[in-house]
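Residue-level listing of the chains:
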Amino acid sequence: MSCEHLICARCSGPVVEGRCSTCRIARDEMHRHGLSVPPALVLASLVALLFVALVLQRLAG
């Protein structure tokens, strides 16, 4: 579903334009996709995974 064709009941404007606070809230909820993970968390996870892989390689070899 998209907000391009939705009309706000509060201001009678297209939701996509976000004229009032109700429009903006509805538009934000429509365009929210899944979990938003901060890039710093992804980078920290990759560094931790690399560290664990290196430690396991040292122990195995």
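Here, the structure is the one placed above.
Keep in mind that what you see is a predicted model, and the values were worked out from it rather than measured. (Residues numbered from 1 in each chain as written. Predicted model: local features only at pLDDT ≥ 70, side-chain atom pairs only at ≥ 80, totals over all residues. Heavy atoms only, no water.)

Novice: Please explain a nonpolar patch on the surface as it appears in this structure.
Specialist: Together, Leu35, Val37, Leu41, Val42, Leu46 and Leu49 line one region of the surface with nonpolar side chains, adding up to about 630 Å² of accessible area. Within the secondary structure, Leu46 sits in helix H2 (residues 39-60). (Patch = residues over 30% accessible without salt bridge, like charges linked within 9 Å, V, L, I, M, F, W, Y side chains within 5 Å. Areas by Shrake-Rupley, 256 points an atom, 1.4 Å probe, with all protein chains shown as cover. Salt bridge = Lys/Arg side-chain N within 4 Å of Asp/Glu carboxyl O. Helix = DSSP H or I, 4+ residues; strand = E, 2+ residues; numbered from the N terminus.)

Novice: I would appreciate a short explanation of the environment of Ala26 in the present structure.
Specialist: Checked against the element boundaries, Ala26 lands in helix H1 (residues 21-30). Separated by 20 residues in sequence, Ala26 and Leu6 place their C-alpha atoms 9.8 Å apart.

Novice: Before we go on, may I ask you to explain H2 in this structure?
Specialist: In an α-helix, one turn spans 3.6 residues, which is why side chains three or four residues apart end up on the same side. The terminal C-alpha atoms of H2 lie 32 Å apart, and with 22 residues this matches the ideal 32 Å at 1.5 Å per residue to within 8%. Counting buried positions along H2 yields zero of 22 residues, so the element is predominantly exposed. (Expected span 1.5 Å × (residues − 1). Buried < 20%, exposed > 50% of the residue type's maximum accessible area, 1.4 Å probe, protein only.)

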